[in-house]
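A look at the structure
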Amino acid sequence: MNKLTKAEEQVMQYLWTIEKGFLKDILEHFPEPKPHTNTVSTILKILMEKGFVDYTTFGRQHEYFAVVSKESYSGRSIKSLVRNYFEGSYKNAVSFLVEKNEMSVEDLEKLLDELKNKD
């Protein structure tokens, strides 16, 4: 699976939120100042080439939808992050988050309890 640029990921986030939509629907989610229509259209074209997006044609308009789920992409992104920055160790990644106060020890304990009770 290809990596997304920041702009491509932003468009995908909006598309994942609305599930499917026309160009104008995607543009509505952008904060002001909104990007030009051609910019978003080009990003959508790139996302189609990368296999992340497809569309259904209605007359002269395209209704876009995600081909890759948010869960699938985020899972691969996390694996890549852990592999590239934490020697492949999820323990190192979680330790880093706790050390940098991005995750409290209480949150970690709650997560462990949830995982234990999941079975």
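Shown above is the structure to which this text applies.
In this report, we go over the structure that sits alongside the text.

What counts and how
Residues numbered from 1 in each chain as written. Predicted model: local features only at pLDDT ≥ 70, side-chain atom pairs only at ≥ 80, totals over all residues. Heavy atoms only, no water. Core = buried A, V, L, I, M, F, W, Y, C linked by side-chain atoms within 4.5 Å. Buried < 20%, exposed > 50% of the residue type's maximum accessible area, 1.4 Å probe, protein only. Helix = DSSP H or I, 4+ residues; strand = E, 2+ residues; numbered from the N terminus. Contact = heavy atoms within 4.5 Å. Pairing = 2+ DSSP bridges. Axes fitted to C-alpha atoms, helices over the stretch in contact; angles between N-to-C directions.

1. Brief notes about the nonpolar core
In terms of nonpolar packing, the biggest core is built from 19 residues, with Val11, Ile26, Val40, Leu44, Leu47, Phe52 and Val53 touching the most fellow members. At the level of secondary structure, the elements contributing two or more residues to this core comprise helix 1 (6-18), helix 2 (23-28) and helix 3 (37-49). Examining the composition of this core, we find that 5 residues originate from one element, helix 1, more than from any other. In contact with leucine 44, not counting residues within four places along its chain, are Val11, Leu23, Ile26, Val53 and Tyr64.

2. Topic: the sheet that holds strand 1 (residues 20-21)
Read from one edge to the other, the open sheet built from 3 strands follows the order 1-3-2, with strand pairing classed as antiparallel. Looking at strand neighbours, the two that pair on one side only are strand 1 and strand 2 (53-58), the edges of this open sheet. Across the sheet, helix 1 lies against strand 1, strand 2 and strand 3 (61-66), angled at about 90° from strand 3, the strand it touches most. Where helix 3 meets the sheet, it contacts strand 2 and strand 3, and its direction lies at approximately 115° from that of strand 2.

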